[in-house]
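An overview of the molecular structure
Read off the chains here:
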Amino acid sequence: MAESAYSFSLTTFSPSGKLVQIEHALNAVNQGATSLGIKARDGVVIATEKKLPSVLVDKDSVKKIVQLTPEIGVIYSGMGPDSRILVRKARKAAQTYFMTYNERIPVAQLVREVATVMQEFTQSGGVRPFGVSLLIAGYDSHGPQLYQADPSGTFFAWKASAIGKNMTDAKEFLEKRYAEDMLLEDAIGAALLTLKEGFEGAMDEDNIEVGIVGKDHEFRCLSKSEIKDYLEEIL
Amino acid sequence: MEYVMGIKGKGFAMVCTSATAVQQIITMKHDEDKILPLGTHTMVATSGEPGDRVQFSEFVAANARLYALRNKSKLSTKAIANFTRGELATALRKGPKSANLLVAGYDKGKGASLYFLDYLATLHSMNIAGYGYGSWFVLSMYDRMWHPDLTEAEALEMMRLGIEEVKNRLVVASPTYTVKIVDENGIRTIPL
């Protein structure tokens, strides 16, 4: 197929105008565990499946949801190690901003920095695109925000979104359940229900992670007992 | 000698600068405006070496404008003051900028602020601040006169008294001065 002749070099367009490596990177993302996020009126929630390869893995040492600044957190779908690089760069960008302006970086600007890095890796020699999509949740002076950043470097703001294995079904589910005036409490419930839809096996507080940021501008992960309480409420 | 004084009042910040541009012993201009607006609600008054004064304040203004264009929201007064401090600090051990600045601004929600910066990258948020020999007389005057609920009229009167004192006691006092104020409505010049 003519397309495959152009898939060796990242920085070469195919005749149909695609950068085939980026398409492949998106495939890598779609093989990753499902993650989703919902923006409520008074906060944002992000959640993900924590599917570990074996029961021997020390569950508590694995943290997929990560804090970038006191008010911004991120979850990924795709290749974990790739996301670690982006987290490092994002955290540094946030602190550089703080050193310059003595103020916290607005969510949109941090997302732009990360997305710019992702784009650079689609137009440089000797590198490959990142095999992750990120969902970035934050609360700044412009209110609660949820952004998605893709391997191509595109980023969008969402009211609710899902990435990874089950994204199509999850997004359909979210479309039905999302309401403009949702409160954070409702959004957490909706997020858990959406995760459960595509979950293989039983979902409990050990195999999912949930992160929230509310009006207090403090991003944090829900503890296992909090997740357990929410699960009991919705199930 | 160059004279810069700033007063922060209730909901406004006022800055006064001498309006002379001097080269050695010659007064080149009597109407030099040393207070540069950075956007609609922040202004910077500079004193120091003639070249550095203008170049550096215009550099800060350009960066503030670029930020606003890139990010569709402007920098707060605090952010501008801290950015300027960072630039002065970096320049200090490379090619120091001989400029002393007062950054005065009004931000919705926070109110008025006045920041003192000097060529060594000192940064202080203050109620009254100033540079130049004239400030030696006037700072202590203002220490007695300032109070937290200062009105615009009171601040303007303080500025007039400060200028009077400088003309009275300083051997090389400037004959002309510029006064500008920034409040929730933006920046405006006040004729003395």
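Under an unreviewed UniProt entry, the name given to chain B is Proteasome subunit beta, and the organism recorded is Chloropicon roscoffensis. Word for word, the UniProt comment on chain B under Subunit (unreviewed entry) is "Component of the proteasome complex." Quoted verbatim from the Function (unreviewed entry) field of UniProt, the annotation for chain B is "Component of the proteasome, a multicatalytic proteinase complex which is characterized by its ability to cleave peptides with Arg, Phe, Tyr, Leu, and Glu adjacent to the leaving group at neutral or slightly basic pH. The proteasome has an ATP-dependent proteolytic activity."

Per an unreviewed UniProt entry, the recorded name for chain A is Proteasome subunit alpha type, and the organism is Chloropicon roscoffensis. The Subunit (unreviewed entry) field of the UniProt record for chain A holds the comment "The 20S proteasome core is composed of 28 subunits that are arranged in four stacked rings, resulting in a barrel-shaped structure. The two end rings are each formed by seven alpha subunits, and the two central rings are each formed by seven beta subunits."

Glancing now at the overall build of chain A. Regarding its fold elements, chain A presents seven helices and 10 strands. The globule rule puts the C-alpha radius of gyration for 235 residues at 18 Å, and the 18 Å found for chain A is close to it. Dimensions along the principal axes, computed over C-alpha positions, put chain A at roughly 55 × 45 × 40 Å. Per-residue burial for chain A yields a buried fraction of 50% across its 235 residues. Counted over contacts in chain A with a minimum sequence separation of 6, partners at least 24 positions apart contribute 63%. Counting only carbon and sulfur atoms, one obtains 52% of the accessible surface of chain A, whose full area is about 11,600 Å².

This next bit is on the environment of Thr77(B). Residues and elements named next belong to chain B. Structurally, Thr 77 can be placed in helix α2 (residues 77-92). When its relative accessible area of 0% is taken as the criterion, Thr 77 is described as buried. Separated by 35 residues in sequence, Thr 77 and Thr 42 have C-alpha atoms that sit 6.2 Å apart. With near-sequence residues (within four places) excluded, Thr 77 lies in contact with His 41, Thr 42, Val 103, Ala 104, Gly 105, Tyr 106, Asp 107, Ser 113 and Tyr 115.

Taken together, the nine residues of chain A in the interface contact 10 residues of chain B. Buried surface at the junction of chain A and chain B, both sides included, amounts to about 820 Å², of which 44% is carbon and sulfur. In terms of surface lost to chain B, no three residues of chain A exceed Tyr101(A), Asn102(A) and Glu103(A), which account for 52% of the buried area on that side. One can count zero salt bridges joining chain A with chain B. The set of elements that each furnish at least two residues to the side of chain A that touches chain B consists of α3 (80-101) and α4 (107-120) of chain A.

Residue and element names in this part refer to chain A. A cluster of like negative charges, contributed by Asp 181, Glu 185, Asp 186, Asp 229, Glu 232 and Glu 233, occupies part of the molecular surface. At the level of elements, α6 (184-197) and α7 (224-234) are the ones that each hand at least two residues to the negative patch. The leading source of residues in the negative patch is α7, at three residues. Here Glu 185 lies in helix α6.

Strand-to-strand pairing in sheets goes through backbone hydrogen bonds, with the strands running parallel or antiparallel. Residues and elements named next belong to chain A. Spatially, β3-β4-β5-β6-β7 is the arrangement adopted by the five strands of the open sheet, whose pairing is antiparallel. In the strand order of this sheet, the two ends are held by β3 (66-69) and β7 (155-157), each with one partner. The sheet shows a mean angle of 25 degrees between the axes of neighbouring strands, taken without regard to direction. Bridge analysis of strand β5 (residues 132-140) against strand β6 (residues 143-149) gives seven bridges, and the strand direction is antiparallel. What sits directly across from Asp 140, in β6, is Gly 143.

Time to look at the environment of Ala68(B). Residues and elements named next belong to chain B. Relative to the helices and strands, Ala 68 is located in helix α1 (residues 50-71). When its relative accessible area of 29% is taken as the criterion, Ala 68 is described as partly exposed. Along the primary structure Ala 68 and Phe 137 are separated by 69 residues, whereas in three dimensions their C-alpha atoms are 39 Å apart. For Ala 68, the residues in contact, after removing those within four places along its chain, are Ser 73 and Lys 74.

The next thing to look at is the packing of helix α3 (residues 133-145) of chain B against helix α4 (residues 152-169) of chain B. Residues and elements named next belong to chain B. Direction vectors running N to C along α3 and α4 enclose 145 degrees, while the axes themselves pass 9 Å from each other. Handedness of the α3/α4 crossing: right-handed. Packed against α3, whose contacting residues are Gly 134, Phe 137, Val 138, Met 141, Tyr 142 and Met 145, the element α4 presents Met 158, Met 159, Leu 161, Gly 162, Glu 165, Val 166 and Arg 169 at the interface. Of the residues assigned to the contact of α3 with α4, the class counts are nine nonpolar, two polar and two charged.

A few words on unusual backbone geometry. Despite not being glycine, His217(A) shows a phi value in the positive range, around 60 degrees. The backbone of Gln24(B) shows a phi angle near 55 degrees, a positive value even though the residue is not glycine. You can see Gln24(B) is positioned in the loop between β3 (21-23) and β4 (26-29).

All told, the structure shown has 11 aromatic pairs over all chains when counted by the stated rule. Judged by centre distance (6.0 Å) and plane angle (20 degrees), the ring pair of Tyr101(A) and Phe83(B) falls under stacked. One end of the pair, Tyr101(A), is in helix α3; the other, Phe83(B), is in helix α2, on a second chain. Relative accessible area serves as the criterion here: at 8%, Phe83(B) is assigned to the buried category. Aromatic rings pair up to connect Tyr97(A), Tyr101(A), Phe56(B), Phe59(B), Tyr67(B) and Phe83(B) into one cluster. Over the ring of Phe199(A) we find Lys51(A), and its NZ or CZ is 4.8 Å from the ring centre.

Parameters and conventions
Residues numbered from 1 in each chain as written. Chains lettered and ligands numbered in written order. Predicted model: local features only at pLDDT ≥ 70, side-chain atom pairs only at ≥ 80, totals over all residues. Heavy atoms only, no water. UniProt positions renumbered as here; feature names shortened; annotations may be inferred. Helix = DSSP H or I, 4+ residues; strand = E, 2+ residues; numbered from the N terminus. Rg over C-alpha atoms; globule rule 2.2 N^0.38 Å. Buried < 20%, exposed > 50% of the residue type's maximum accessible area, 1.4 Å probe, protein only. Contact = heavy atoms within 4.5 Å. Areas by Shrake-Rupley, 256 points an atom, 1.4 Å probe, with all protein chains shown as cover. Buried area = accessible area lost by both parts, 1.4 Å probe. Salt bridge = Lys/Arg side-chain N within 4 Å of Asp/Glu carboxyl O. Patch = residues over 30% accessible without salt bridge, like charges linked within 9 Å, V, L, I, M, F, W, Y side chains within 5 Å. Lys, Arg positive; Asp, Glu negative; His and termini not counted. Charge placed at Lys NZ, Arg CZ, Asp CG, Glu CD. Pairing = 2+ DSSP bridges. Axes fitted to C-alpha atoms, helices over the stretch in contact; angles between N-to-C directions. Left-handed = near helix turned anticlockwise from the far one by under 90°. Nonpolar A, V, L, I, M, F, W, Y, C, P; charged D, E, K, R; others polar. Phe/Tyr/Trp six-rings, centres within 6.5 Å; stacked < 30°, edge-to-face > 60°. Lys NZ or Arg CZ within 6 Å of the ring centre and 35° of its normal.

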